[in-house]
Amino acid sequence: MQNTVTAHSFPMRCLGLILVVFAFCLPLQSVALTWDEIKQKARGQTVNWFMWGGFPSTNAYVNGYVARRVKEQYGVKLRQVPVKDISEVVSKILVEKQAGKHEGGEVDLMWINGENFRTCKRNGLLYGPFADLLPNQKLVDWSRPSVRNDFGEPVEGLESPWGSAQVVMIYDSKRTPSPPRTMGDLLNWIRHNPGRFAYPAPPDFTGSVFVRHVFYHVTGDVESWQGTFDEKRFEAAATKTYDVLKEISPYLWRQGKTYPENPIRLSHLLADGEVDFAISYHPAEASKGIHDGLYPDTVRTFVFEEGTISNTHFVAIPFNAAHKEGAMAVADFLISPEAQLKKADPEVWGDLPAIDIQRLDATWQKKFDQLPRGIATLSNEELQHHQLPEPPSEILIRLEQGWDRHVLKKR
Amino acid sequence: MVTPALAVVTALFGGGLVLGLAQSLGFVPAVGMDSLTVTHFTNVLGDPDFIDSLLLTLYISGTSTAVAAVISTAMALILVFVAQKNRLVHFVFQIPLTVPHLVIAVAVVFMLAPTGLVSRMAIKLGIIDSSASFPLLINDRCGIGILLTYVWKEIPFITLMILAVLRRSGMQLLDVGRTLKANSWQRFRYITLPTIFPSLGAACLIVFAYTFGAFEVPFLLGQTYPMMLPVWAYKNYSDVDLLARPEGIAAGLVIAGVVIAAIAISQALTQAARRRGVVL
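Since we're looking at a predicted model, the values are computed, not measured. (Residues numbered from 1 in each chain as written. Chains lettered and ligands numbered in written order. Predicted model: local features only at pLDDT ≥ 70, side-chain atom pairs only at ≥ 80, totals over all residues. Heavy atoms only, no water.)

Quick word on the overall build of chain B
Looking only at helices and strands, one finds 11 helices and 2 strands in chain B. Listed by position from the N terminus, the elements making up chain B come as α-β-β-α-α-α-α-α-α-α-α-α-α. Expressed along its principal axes, the backbone C-alpha trace of chain B runs to roughly 75 × 60 × 35 Å. Going through the 280 residues of chain B one by one, you find that 40% of them count as buried. Considering only contacts in chain B between residues 6 or more positions apart, those separated by 24 or more positions represent 70%. Carbon and sulfur atoms form 73% of the exposed surface of chain B, whose accessible area is close to 15,200 Å². Across chain B, the 17 positively charged side chains and the 12 negatively charged ones have centroids separated by 25 Å. (Helix = DSSP H or I, 4+ residues; strand = E, 2+ residues; numbered from the N terminus. Buried < 20%, exposed > 50% of the residue type's maximum accessible area, 1.4 Å probe, protein only. Contact = heavy atoms within 4.5 Å. Areas by Shrake-Rupley, 256 points an atom, 1.4 Å probe, with all protein chains shown as cover. Lys, Arg positive; Asp, Glu negative; His and termini not counted. Charge placed at Lys NZ, Arg CZ, Asp CG, Glu CD.)

Some words on unusual backbone geometry
That bond from A:Gly128 to A:Pro129 is cis: its omega, 10°, falls within 30 degrees of zero. Along the chain, A:Pro129 falls in the loop between helix 5 (114-122) and helix 6 (145-148). In this model, B:Tyr225 is joined to B:Pro226 through a cis peptide bond whose omega is -5°. The residue B:Pro226 is located in the loop between helix 9 (216-221) and helix 10 (229-237) in this model. Positive phi is not limited to glycine here, since A:Phe151 has a value of about 50°. Despite not being glycine, A:Arg254 has its phi angle at roughly 55°, a positive value.

Comments concerning the interface of chain A and chain B
Chain A puts 19 residues into the contact, and the matching count from chain B is 20 residues. Summed over both sides, the interface of chain A with chain B buries roughly 1,900 Å², with 50% coming from carbon and sulfur. Run the count over chain A and chain B and you get 3 salt bridges. Residue A:Lys409 pairs with B:Asp49 through a salt bridge whose shortest N-O separation is 2.6 Å. Counting every contact that joins chain A to chain B gives 9 residue pairs in polar contact (both at pLDDT 80 or more). Across the side of chain A that touches chain B, the residue classes tally to 7 nonpolar, 2 polar and 10 charged. (Buried area = accessible area lost by both parts, 1.4 Å probe. Salt bridge = Lys/Arg side-chain N within 4 Å of Asp/Glu carboxyl O. Polar contact = N/O pair within 3.5 Å; in protein donor to acceptor, adjacent residues only side chain to side chain. Nonpolar A, V, L, I, M, F, W, Y, C, P; charged D, E, K, R; others polar.)

A closer look at the packing of aromatic side chains
Tallied over the entire structure, the rule returns 29 aromatic pairs over all chains. An aromatic cluster of three or more residues is present, and its members are A:Tyr171, A:Trp189, A:Phe197, A:Tyr199, A:Phe210, A:Tyr259, A:Phe277, A:Phe302, A:Phe304 and A:Trp403. One cation-aromatic arrangement involves B:Arg189 over B:Tyr190; the distance from NZ or CZ to the ring centre is 5.2 Å. (Phe/Tyr/Trp six-rings, centres within 6.5 Å; stacked < 30°, edge-to-face > 60°. Lys NZ or Arg CZ within 6 Å of the ring centre and 35° of its normal.)

With respect to the packing of helix 8 (residues 205-219) of chain A against helix 16 (residues 393-408) of chain A
Residue and element names in this part refer to chain A. Their axes nearest at 10 Å, the elements helix 8 and helix 16 cross at an angle of 100°. Considering the angle they form, helix 8 stands roughly perpendicular to helix 16. Each of Ser208, Val211, Arg212 and Phe215 in helix 8 lies in contact with helix 16, whose residues at this interface are Ile395, Leu396, Leu399, Glu400 and Trp403. The residue makeup of the contact of helix 8 with helix 16, split by class, is 6 nonpolar, 1 polar and 2 charged. (Axes fitted to C-alpha atoms, helices over the stretch in contact; angles between N-to-C directions. Parallel < 35°, antiparallel > 145°, perpendicular 65-115°, else oblique.)

Some thoughts on the nonpolar core
Judged by nonpolar contacts, the single largest core of 56 residues is most densely connected at A:Leu186, A:Phe197, A:Tyr199, A:Phe210, A:Leu245 and A:Trp403. When residues no more than four places from it in sequence are discounted, the contact partners of A:Tyr199 are A:Gly207, A:Phe210, A:Val211, A:Leu245, A:Leu252, A:Tyr259, A:Pro260, A:Ile279, A:Trp403 and A:Val407. (Core = buried A, V, L, I, M, F, W, Y, C linked by side-chain atoms within 4.5 Å.)

Let's talk about the pairing of strand 7 (residues 168-172) of chain A
Residue and element names in this part refer to chain A. Across the 5 residues that make up strand 7, a large majority, 5, are buried. Where burial is concerned, the two faces of strand 7 agree: the one with Val168, Ile170 and Asp172 and the one with Met169 and Tyr171 are both buried. Pairing geometry for strand 7 and strand 8 (residues 277-280), over 4 bridges, is antiparallel. When the sheet's bridge partners are listed, Tyr171 is paired in strand 8 with Phe277. For strand 7 and strand 9 (residues 299-302), the ladder comprises 4 bridges, and the chain directions are antiparallel. If you follow Ile170 over to strand 9, its bridge partner there is Thr301. (Pairing = 2+ DSSP bridges.)

Describing the sheet that holds strand 9 of chain A
Residues and elements named next belong to chain A. The 3 strands lie next to each other as 8-7-9, forming an open sheet whose pairing is antiparallel. Of all the strands in the sheet, the pair left with one neighbour each is strand 8 and strand 9. The mean inter-strand angle of the sheet, taken between neighbouring strand axes irrespective of direction, is 30°.

Description of the pattern of salt bridges
All names here are of chain A. Per the counting criterion, the structure on display carries 25 salt bridges over all chains. Glu156 is paired through a salt bridge with Lys121; the nearest N and O atoms lie 3.1 Å apart. Of this pair, Glu156 sits in the loop between strand 5 (153-154) and strand 6 (159-166) while Lys121 sits in helix 5, placing them 35 residues apart in sequence. For the pair shown, Glu156 and Lys121 are each scored as buried. One salt-bridge network, in which partners are shared between bridges, spans Lys121, Arg122, Glu153 and Glu156.

A look at the environment of B:Pro156
All names here are of chain B. Tracing the backbone through its elements, the reader meets Pro156 in helix 7 (residues 144-179). Between the C-alpha atom of Pro156 and that of Ile260, which follows or precedes it by 104 residues, the distance is 24 Å. Not counting chain neighbours up to four residues away, the residues in contact with Pro156 comprise Phe93, Pro96 and Leu97.

Some remarks on helix 4 (residues 87-98) of chain B
Each α-helix winds once per 3.6 residues, and so residues spaced three or four apart point in a common direction. Residue and element names in this part refer to chain B. In a regular helix each residue adds 1.5 Å, so 12 residues correspond to 16 Å; helix 4 covers 17 Å between its end C-alpha atoms and thus fits that length. Along helix 4, the residues that are buried comprise His90, Phe93 and Pro96. Buried residues of helix 4, viewed axially, fall in a sector of 110°; they line one side. The outward face of helix 4, more than 90 degrees from its buried face, is lined by the exposed residues Arg87, Leu88, Phe91 and Thr98. (Expected span 1.5 Å × (residues − 1). Arc of directions from axis to C-beta.)

Looking at the side chain of A:Thr182
Residue and element names in this part refer to chain A. Looking at the secondary structure, you find Thr182 in the loop between strand 7 and helix 7 (183-192). Accessibility expressed as a relative area gives 18% for Thr182, which makes it buried. There is a polar contact of 3.0 Å between the side chain of Thr182 and the backbone nitrogen of Asp185. Not counting chain neighbours up to four residues away, the residues in contact with Thr182 comprise Phe304, Glu305 and Glu306.

Structure, rendered in structure tokens:
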């Protein structure tokens, strides 16, 4: 296993280096430190972790458990800096780069993925590659497409995974005893049950991912979209996607004249019995809904037989971070078995692990298996066997714009 | 005394406007856009949705202001003549002033959605058979939910503005009118209306400007498309594509422009009316 990782990451590292040097001609900081040296330098550093602060359970996990443990283990003081939108931090670092501030930056670690990672990578805003230096990296299955590529953008060691998300469909088994199991069946179900289905309007995150599922369905292909962007092929596939969505829109909730603005509203529509399905990026959310009294305890979730889109969220270190070693120590702790186990506990946060459970020894595996699972949450195996990667962010943006023009405004 | 407050307002709002104007003219050096251009404005104004959004916004602001103004005038008269001594009525009347727009918008969703409280009660009482036959009152074409929210929220505001004037100077004049044998319509038209008009006009203008530029109520209660201008501006500003930001700001400045124009026009009309000696 160790071998595959190294064999895999060595060319990636070279490629990353060449790309960064070539494209941005930046003086690259030396990353040729050993882990012991990194640990030594990290001691006593204060790491400022900029992250989206809108999730109380995440904040409690970071400020409580993680901060305490990295202090004990590495002597690193962790300071969470909650932000409303991490893209603001990305623009800040971009401005710092233009202003020539190459060291002593305030941001040591940031929680990012997708579009923001792409912006950072393309503008040379990241330190690294550093992910391969972290000892716990051996627990990560880099061969999984949703880890190797962050929304189609090769990660190349410039960020380290923290957790993952996967789309699940939520339904009430009492009302809908046998829900459709594929996207094709779901589309037929919508046609036969007018007014009983809705998806949030893109660019809402969840609405947008539903459109991508339709896109994968009509093109019957997932893998080929991961590579370089082919304008002609994309246009043809996108047109087909919009045609299907336009065709089903009269059968949607409110005849598709208006859409729920976000997944929260959609989950209320399901709870109120206005629609029969909700969509969520968080596999444990339905169980939480039952626990909170939003849903009846007959609510369940499922994934499509062909799979549902899953993505990984990462942490990255800016090129000008003042405390890179401390940040690496934190990034390594985040993918340690104990931190991942704690994070997966539904009582704590319930986020899917970023590490491959099969790579752990039997005792740890057992601990993960024994985690309390909500009644509506699918097993890790079922989820992991039904994962599709996100398409590159280019496709995501184009689909959102095209949906707006063709499906919403019917031009 | 006013200078420090004025300085803060000027610095914050004036500075914001200048920065906004710079960005809407394409001056965002951080992402390498450093020349001035009017393309963002022409893009906004030339967008086929712009007219729809503008008309919808004018319709919502205009209607809610007009309806609120009529009801407020009636309410003020009632409060002055009928319930002047009744403290409870006055108290109840002031409740909406303390509740934020956002809270009311959410309350309207819970009350008036097809599966909301009102619909459920109607089903229980046997007025309708299912939530499907409940009329669409939110996220609807005519913006009924938005209008209801604004009218409910603005009536106390306009009423209190009028009440202050009526209490101060209205009563003696009405007594004079009565001794001169003016009937109740004449007293209203030639005494009350001219007395309250300046405050009524000012209050209406504030309400119009607010409803024209407010975001949260139409975001929650409006249709996905067409959308009111503030929602449109927000959507552009928060686009993943940083290049769409200037268009969002341009749309925001168009909103500011319309509001300023509304103030200028109403001022000009009032001045002109006064000059012609119209009793207003």
